[in-house]
Amino acid sequence: SLSAGLDLPGRFLFATLTLMTLIAILVFIEEAVYIYRKIPSSKRSIIIWINAAAPVISTTACIGMWVPRSTMFTDFTAGIFFAIVIHKFLMMMIKECGGQKVLLRRFENGHFTITTGPCCCCCLCLPRVPITRQTLFWLKLGTFQIAVFRPVLVFLSIVLWTNGNYVLYDASPKGPALWINCFIGALTLFALWAVGIMFRKVRILLKCKNIIPKFALYQFIVILNQLQTTIINIFATQKIIPCAPPLSSTARGSYIAQQLLIMEMFLITVISRMVYRRKYHDLEPPECVAEEPGDKQQTP
């Protein structure tokens, strides 16, 4: 087994990372109980979902660290969960504004700026889009699609893997892994774009609710779980990360990614508890709130 092949420093590292994962789970459970008791029911489940992202990713990384053969399943589980969290974060911003109807009243004459990352940050010629029920629907659809299609694509990957056609780190154009991962990447970019458009509009209005630190934590999870892991896996596939018998380059890269994720998600779990646990006052009625500069202000 893996633990039998570890030396004393390796066992100490594994034990420490496992303890960090358990602490992160306990911190989340305590925070979930607090949210359930103190937060209104309309926001309760959304905030619990968002707070669960870091401990769930830490748990899947810990399982993948101890059981190397489960890496594909743990990575897929973390990816599916975070796809749902992306949609939940967009819905949280709408809820914090008072809901869809109140948001439309607050920004009745406003516009969405769609020249934002990660898709169109360089396309400065794109027009601003009026804030209407239809544009809100398209933004929600932009995040909902990743929550629906990513589990379907993961299921397809597992079916192909059981048939021997899917290899997790295969970057060959002839294999299905490259095309499925590229399609998932494109869907993820569109979902992140929708969240970015909404955040850019409401960040000033929701500044009193610490939306900027909350968005920063969400962005860190995106970067660490998606980008960091992808870069390490590419380095391992290209043999830039050397093998260390009995571990191959890909197995060693997977271990490095999982161990980094456990430490990083532990820190994010602790910070999220401080950010989301604060008590925030409700926003003023729409008639008393002016829109951000650049939009026509509403008259009382």
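Thresholds applied
Residues numbered from 1 in each chain as written. Predicted model: local features only at pLDDT ≥ 70, side-chain atom pairs only at ≥ 80, totals over all residues. Heavy atoms only, no water. pLDDT = per-residue confidence, 0-100. Contact = heavy atoms within 4.5 Å. Helix = DSSP H or I, 4+ residues; strand = E, 2+ residues; numbered from the N terminus. Core = buried A, V, L, I, M, F, W, Y, C linked by side-chain atoms within 4.5 Å. Buried < 20%, exposed > 50% of the residue type's maximum accessible area, 1.4 Å probe, protein only. Patch = residues over 30% accessible without salt bridge, like charges linked within 9 Å, V, L, I, M, F, W, Y side chains within 5 Å. Areas by Shrake-Rupley, 256 points an atom, 1.4 Å probe, with all protein chains shown as cover. Salt bridge = Lys/Arg side-chain N within 4 Å of Asp/Glu carboxyl O. UniProt positions renumbered as here; feature names shortened; annotations may be inferred. Phe/Tyr/Trp six-rings, centres within 6.5 Å; stacked < 30°, edge-to-face > 60°. Axes fitted to C-alpha atoms, helices over the stretch in contact; angles between N-to-C directions. Parallel < 35°, antiparallel > 145°, perpendicular 65-115°, else oblique. Left-handed = near helix turned anticlockwise from the far one by under 90°. Disulfide = S-S within 2.5 Å. Nonpolar A, V, L, I, M, F, W, Y, C, P; charged D, E, K, R; others polar.

## Remarks on the confidence of the model for the protein chain
Chain-level statistics for the protein chain give a pLDDT mean of 81 and a share of 85% at 70 or above. Segment residues 288-300 is flagged for pLDDT under 50; beyond a separation of four residues in sequence, or across chains, it makes 29 contacts in the model.

## Details of the environment of L260
Along the chain, L260 falls in helix α8 (residues 249-277). Remark: the alpha-carbon pair of L260 and T229, spanning 31 residues in sequence, is separated by 9.2 Å. Setting aside anything within four residues of it in sequence, one finds L260 in contact with Q228 and I232.

## What to know about the environment of G117
Considering the arrangement of structural elements, one finds G117 in the loop between β1 (111-112) and β2 (129-130). Along the primary structure G117 and F190 are separated by 73 residues, whereas in three dimensions their C-alpha atoms are 9.6 Å apart. Ignoring sequence-local partners within four residues, the contact set of G117 consists of L192 and W193.

## Examining the nonpolar core
Generally speaking, soluble globular proteins have nonpolar side chains that are buried together. Counting residues in hydrophobic clusters, the biggest one holds 75 residues, and the most contacted among them are F89, M93, M198 and Y218. Counting only elements with at least two residues in this core, the list comes to α1 (8-38), α2 (41-66), α3 (71-96), α4 (100-106), α5 (133-162), α6 (176-202), α7 (211-237) and α8. Among all residues touching Y218, those that are not within four sequence positions of it are F82, I86, F89, L192 and V195.

## Observations concerning a nonpolar patch on the surface
A contiguous nonpolar surface patch, about 670 Å² in accessible area, is contributed by F137, W138, L141, F144, V148, F149 and V152. Tracing the sequence through the fold places V152 in helix α5.

## Considering the UniProt feature "transmembrane region" (unreviewed entry) in the protein chain
Those places that UniProt annotates as "transmembrane region" (unreviewed entry) correspond, in this numbering, to residues 12-34, 46-67, 73-91, 137-158, 178-199, 211-236 and 256-276. With 100% helix and 0% strand, residues 73-91 has its two end C-alpha atoms placed 28 Å apart. Taken end to end, residues 178-199 is 100% helix and 0% strand, and its first and last C-alpha atoms sit 31 Å apart.

## Concerning unusual backbone geometry
Even without a glycine there, the phi angle at N210 is positive, about 55°. With respect to the element layout, N210 can be found in the loop between α6 and α7.

## Considerations on the packing of aromatic side chains
Here the structure, examined in full by the defined rule, presents 11 aromatic pairs. Aromatic pair F137 and W138: ring centres 5.7 Å apart, planes at 70°, arrangement edge-to-face. F137 sits in the partly exposed class, given a relative accessible area of 47%. Relative to W193, the ring of F190 has its centre 6.3 Å away and its plane inclined at 55°; by these criteria the two rings are tilted.

## Things to note about the packing of α1 against α2
Where α1 meets α2, the axes come as close as 10 Å, and the angle between the chain directions of the two elements is 165°. What the angle tells us is that α1 and α2 run roughly antiparallel. The interaxial crossing formed by α1 with α2 has left-handed handedness. Contacts between α1 and α2 involve F14, L17, T18, T21, A24, I25, F28, E31, A32, I35 and Y36 on the former and, on the latter, R44, I47, I48, N51, A52, P55, S58, T59, C62, M65 and W66.

## Describing the state of the cysteines
Within this structure, the stated rule accounts for 0 disulfides. With no disulfide partner, C97 has as its closest neighbouring cysteine sulfur the one in C208, 9.5 Å distant. We classify C97 as buried; its relative accessible area is 0%.

## Description of the packing of α3 against α7
Interhelical geometry of α3 versus α7 gives an angle of 165° and a closest axis separation of 12 Å. Here α3 is positioned roughly antiparallel relative to α7, judged by the angle of their axes. With respect to the hand of their crossing, α3 and α7 are arranged in left-handed fashion. Along the contact surface, α3 presents A78, F82, I86, F89, M92, M93 and E96, while α7 presents I211, K214, F215, Y218, I221, V222, N225 and Q226. Of the residues contributing to the contact of α3 with α7, the split by class is 11 nonpolar, 2 polar and 2 charged.

## Things to note about the side chain of Q145
Structurally, the position occupied by Q145 is in helix α5. Setting aside chain neighbours within four positions, we find Q145 in contact with R150, L187, F190 and A191.

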